[in-house]
Amino acid sequence: MFEKFGELDSAEEINELAENLFNEGDMESIRALAEENGIPGGLVGLYLEGETPELCDAMMAALGKIEKEEQELKPKEIMQDWVEYLKVQCMESNEIARQVRRKGKSMKGCIAALLVWSFGNQQPIDKDILKEAKVNAGRVTLGIPGMGQAKKIIREYYGGAE
């Protein structure tokens, strides 16, 4: 996912690299940096024209990372709900946005944390429900966290930011 420039730890690192590239006159690499980090083209244009002093802020860096991860993971259903919750949190809190951007933190890791909780909290499904659903298995369990629990797991995964 971060093939050319590597995984950058923060908006500050992205901006520092963008500034160095700008000072070298390497506008194509700035565009590539933005693309690799999910920074919208409109922001790149504003930066290159001198309309804004930085390529991104903490929120845009985090949302860009999430966007790139989404393209790779293609989450569906409940996983998409988790991703949307995380996006909203990044828009509401710079601290969470900074935590999301950190090296080593990823949607894959976050979903894995949710899966660990799910396996550890499986509940047996009543036989009458199985019959109604036409499920012939002898035993079925389910362990999907409710949204409140999922939110807690997501916040804890990204560093406990509240």
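Before reading on, note that the structure itself is shown above.
None of these values were measured; they are calculated from a predicted model. (Residues numbered from 1 in each chain as written. Predicted model: local features only at pLDDT ≥ 70, side-chain atom pairs only at ≥ 80, totals over all residues. Heavy atoms only, no water.)

(A) The nonpolar core, seen in detail. Among the nonpolar cores identified, the biggest contains 21 residues, and Leu86, Cys90, Val100, Leu114, Ile154 and Tyr158 are the most heavily contacted of them. Of all the secondary structure elements, the ones that give two or more residues to this core are α4 (58-73), α5 (77-92), α6 (94-101), α7 (107-120) and α9 (147-157). Per-element tally for this core: the top contributor is α5, with 5 residues. Not counting residues within four places of it along the chain, the set of residues in contact with Leu114 comprises Trp82, Pro145, Ala150, Ile153 and Ile154. The next biggest cluster of nonpolar side chains, apart from the first, holds 16 residues, and it includes Leu8, Ile14, Leu21 and Val44. (Core = buried A, V, L, I, M, F, W, Y, C linked by side-chain atoms within 4.5 Å. Buried < 20%, exposed > 50% of the residue type's maximum accessible area, 1.4 Å probe, protein only. Helix = DSSP H or I, 4+ residues; strand = E, 2+ residues; numbered from the N terminus. Contact = heavy atoms within 4.5 Å.)

(B) Looking closely at the packing of aromatic side chains. Enumeration over the complete set of coordinates arrives at 2 aromatic pairs. Ring centres of Phe22 and Tyr47 lie 5.9 Å apart, and the angle between their planes is 65 degrees; on these two criteria the pair is classed as edge-to-face. In this pair, Phe22 is assigned in helix α1 (residues 11-23) and Tyr47 in helix α3 (residues 41-48), connecting sequence segments 25 residues apart. The ring of Tyr157 carries the charged tip of Lys105 above its face, separated from the ring centre by 4.3 Å. (Phe/Tyr/Trp six-rings, centres within 6.5 Å; stacked < 30°, edge-to-face > 60°. Lys NZ or Arg CZ within 6 Å of the ring centre and 35° of its normal.)

(C) Quick look at the pattern of salt bridges. Within the structure shown, the criterion is met by 9 salt bridges. Here Lys87 and Glu70 are joined by a salt bridge, their closest N and O atoms 2.9 Å apart. Taken together, the positions of Lys87 in helix α5 and Glu70 in helix α4 put the pair 17 residues apart, joining distant regions of the chain. The class of Glu70 is buried, set by a relative accessible area of 15%. Between Glu95 and Arg98 there is a salt bridge, with its nearest N and O atoms 3.6 Å apart. One end of the pair is Glu95 and the other is Arg98, both in helix α6 and 3 residues apart, which spans about a single turn. Classification of Arg98 by relative accessible area gives partly exposed; the value is 38%. (Salt bridge = Lys/Arg side-chain N within 4 Å of Asp/Glu carboxyl O.)

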